[in-house]
Amino acid sequence: MPFSDYRTALVTGASAGIGAAVVERLRREGIEVHALARSADALAALAARTGCIAHAMDVTDLAGITRLTGEVEFDILVNNAGVDRPRPFLKAEAEDIDLLVDVNLRAVLHLCRLVVPGMVSRDRGHVINISSIAAAYNFGGNSTYHATKAAISMLSRQLRIDAFGRRVRVTEICPGRVATDIFAHVHGDSPEIHERFIRGFELPEAMDIADAIAFAIAAPVAVNIGHMEITPTLQVPGGLSTARPDGA
Ligand SMILES: NC(=O)c1ccc[n+]([C@@H]2O[C@H](COP(=O)([O-])OP(=O)(O)OC[C@H]3O[C@@H](n4cnc5c(N)ncnc54)[C@H](OP(=O)(O)O)[C@@H]3O)[C@@H](O)[C@H]2O)c1
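Residues numbered from 1 in each chain as written. Predicted model: local features only at pLDDT ≥ 70, side-chain atom pairs only at ≥ 80, totals over all residues. Heavy atoms only, no water.

Trainee: Mind showing me how you'd approach the overall build of the protein chain here?
Mentor: A count of helices and strands for the protein chain gives 8 helices and 7 strands. Whereas a compact globule of 248 residues would reach a radius of gyration of roughly 18 Å, the protein chain reaches 18 Å, a difference of no more than 12%. In terms of overall dimensions, the protein chain has a C-alpha envelope of 60 × 40 × 35 Å along the principal axes. Taking contacts inside the protein chain between residues at least 6 apart in sequence as the whole, the part at least 24 apart equals 69%. A total accessible area of about 12,600 Å² is found for the protein chain, and carbon and sulfur atoms account for 53% of it. On the protein chain, the mean spot of the 24 positive side-chain charges and the mean spot of the 29 negative ones are 4 Å from each other. (Helix = DSSP H or I, 4+ residues; strand = E, 2+ residues; numbered from the N terminus. Rg over C-alpha atoms; globule rule 2.2 N^0.38 Å. Contact = heavy atoms within 4.5 Å. Areas by Shrake-Rupley, 256 points an atom, 1.4 Å probe, with all protein chains shown as cover. Lys, Arg positive; Asp, Glu negative; His and termini not counted. Charge placed at Lys NZ, Arg CZ, Asp CG, Glu CD.)

Shown next as structure tokens:
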């Protein structure tokens, strides 16, 4: 059981949703969990409840994550922090593109750069990257989000090559819709948004994703679970549109 081989974890985006559930799940396994997000109060409450170590920090704070990863040897890295600014790409805002690239991609690249070499030299580690079904499928929404998540998908595969020959495992988790507050964070917290995305749907909960992550970590060390796509049973991605040039 590799949980007993691992002592420490870093979970980004830990103040809410999937990240908070992962913190709680890993703490149940006795892991020393470092929980990183910007919301100090939510992290303090999570720390009081689970015994995790809170780091109120923006994941794009390069000096901060460099300092933290220099202080602790992480056995498990869960790159979970993510944001979206849905808007047709033809109307994309410059600052939205920068935000999504900074949080969803640049921070993940830097954390992998800072953490994975230590895992390789210790011959022990597990990187969990949370992408999305948006990494693999095209559907209406936000092309920048799709692009950043697709990059995370390819990074996850490449890390396996970079760590080849060492017991460093990489798992990409591709959720479909999960019942978290992400829709309120992205679109604004209102009854209409709750009705549009959550109410009346049968959706995986954040803890279902955390349980899947725990399953991948608990697999025998000889087993690398590379990719898990987790959608609601009543959700299918994809589609095909064919337009006539005259728009008829
Ligand atoms: N829920 C879904 O349906 C779904 C589907 C597919 C993929 N995902 C992916 O799953 C991951 C988690 O989503 P979720 O549903 O749990 O979202 P959420 O409820 O909105 O939580 C997002 C977390 O990311 C943190 N975060 C955002 N910007 C940050 C920053 N600059 N620095 C540090 N932390 C930051 C937030 O904390 P602070 O605001 O306190 O910083 C929060 O803890 C994301 O990568 C998302 O893209 C979610």
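Trainee: Looking at this model, I keep getting lost on the packing of helix H1 (residues 17-28) against helix H2 (residues 40-50). Mind explaining?
Mentor: Helix-helix packing: each pair is described by the crossing angle between the helix axes and the interaxial distance. Between H1 and H2, the shortest axis-to-axis distance is 10 Å and the interhelical angle comes to 20°. Accordingly, the angle class assigned to the pair H1 and H2 is roughly parallel. Judged by the sense of rotation from one axis to the other, the crossing of H1 with H2 is right-handed. Where H1 approaches H2, its residues Ala20, Val23, Glu24 and Arg27 are matched on the opposing element by Leu46, Arg49 and Thr50. Of the residues belonging to the contact of H1 with H2, the class tally is 3 nonpolar, 1 polar and 3 charged. (Axes fitted to C-alpha atoms, helices over the stretch in contact; angles between N-to-C directions. Parallel < 35°, antiparallel > 145°, perpendicular 65-115°, else oblique. Left-handed = near helix turned anticlockwise from the far one by under 90°. Nonpolar A, V, L, I, M, F, W, Y, C, P; charged D, E, K, R; others polar.)

Trainee: Please explain the side chain of Ser132 as it appears in this structure.
Mentor: You can see Ser132 is positioned in the loop between strand S5 (125-130) and helix H5 (143-162). Sequence-distant contacts of Ser132, that is, excluding residues within four places in its chain, are made with Tyr145, Lys149, Ile173, Cys174 and Pro175.

Trainee: Would you take a moment to explain H1 for this structure?
Mentor: Each α-helix winds once per 3.6 residues, and so residues spaced three or four apart point in a common direction. For H1, built from 12 residues, the straight-helix expectation of 16 Å at 1.5 Å per residue is met to within 8% by its first-to-last C-alpha distance of 17 Å. On its buried face, H1 sits against strand S1 (8-12), strand S2 (32-37), H2, strand S4 (76-79) and helix H8 (206-218). Residue Gly30 follows H1 closely and has a positive phi angle near 85°. (Expected span 1.5 Å × (residues − 1).)

Trainee: Got a minute to help me understand the side chain of His34 in this structure?
Mentor: Tracing the backbone through its elements, the reader meets His34 in strand S2. Residue class for His34 comes out buried when judged on its relative accessible area of 5%. A distance of 2.8 Å separates a polar atom in the side chain of His34 from a polar atom in the side chain of Glu32. Dropping the residues within four chain positions of it, His34 is found in contact with Ala9, Leu10, Val11, Ile53, His55, Leu68, Val72 and Phe74. (Buried < 20%, exposed > 50% of the residue type's maximum accessible area, 1.4 Å probe, protein only. Polar contact = N/O pair within 3.5 Å; in protein donor to acceptor, adjacent residues only side chain to side chain.)

Trainee: What's the story with the site of the ligand in this structure? I'm lost.
Mentor: The environment of the ligand is formed by 31 residues, the closest being Arg38, Ser39, Tyr145, Thr180 and His185. Taking Ile18, its main chain carries an N or O atom lying 2.8 Å from an oxygen atom of the ligand. Within the side chain of Arg38, a nitrogen or oxygen atom sits 2.7 Å from an oxygen atom of the ligand. Summarising the interface, the protein chains cover 94% of the accessible area of the ligand, which totals 890 Å² for the free molecule. Secondary-structure elements contributing two or more residues to the shell around the ligand are H1, H5 and helix H6 (182-187). Element by element, the count of residues in the shell around the ligand is highest for H6, at 3 residues. (Near = heavy atom within 4 Å.)

Trainee: What should I look at first to understand the packing of aromatic side chains in this one?
Mentor: The geometry of two aromatic rings is summed up by the distance between their centres and the angle between their planes. A complete count under the given rule lists 1 aromatic pair for this structure. Considering the side-chain rings of Phe183 and Phe197, the 4.5 Å spacing of their centres and the 10° angle between planes classify their relative orientation as stacked. Here Phe183 is found in helix H6, whereas its partner Phe197 is found in helix H7 (residues 191-197), with 14 residues between them in sequence. Comparing Phe183 with Phe197 shows no difference in burial state: the two are buried. The ring of Phe183 has Arg177 sitting right over it, with the charged end atom 5.8 Å from the ring centre. (Phe/Tyr/Trp six-rings, centres within 6.5 Å; stacked < 30°, edge-to-face > 60°. Lys NZ or Arg CZ within 6 Å of the ring centre and 35° of its normal.)

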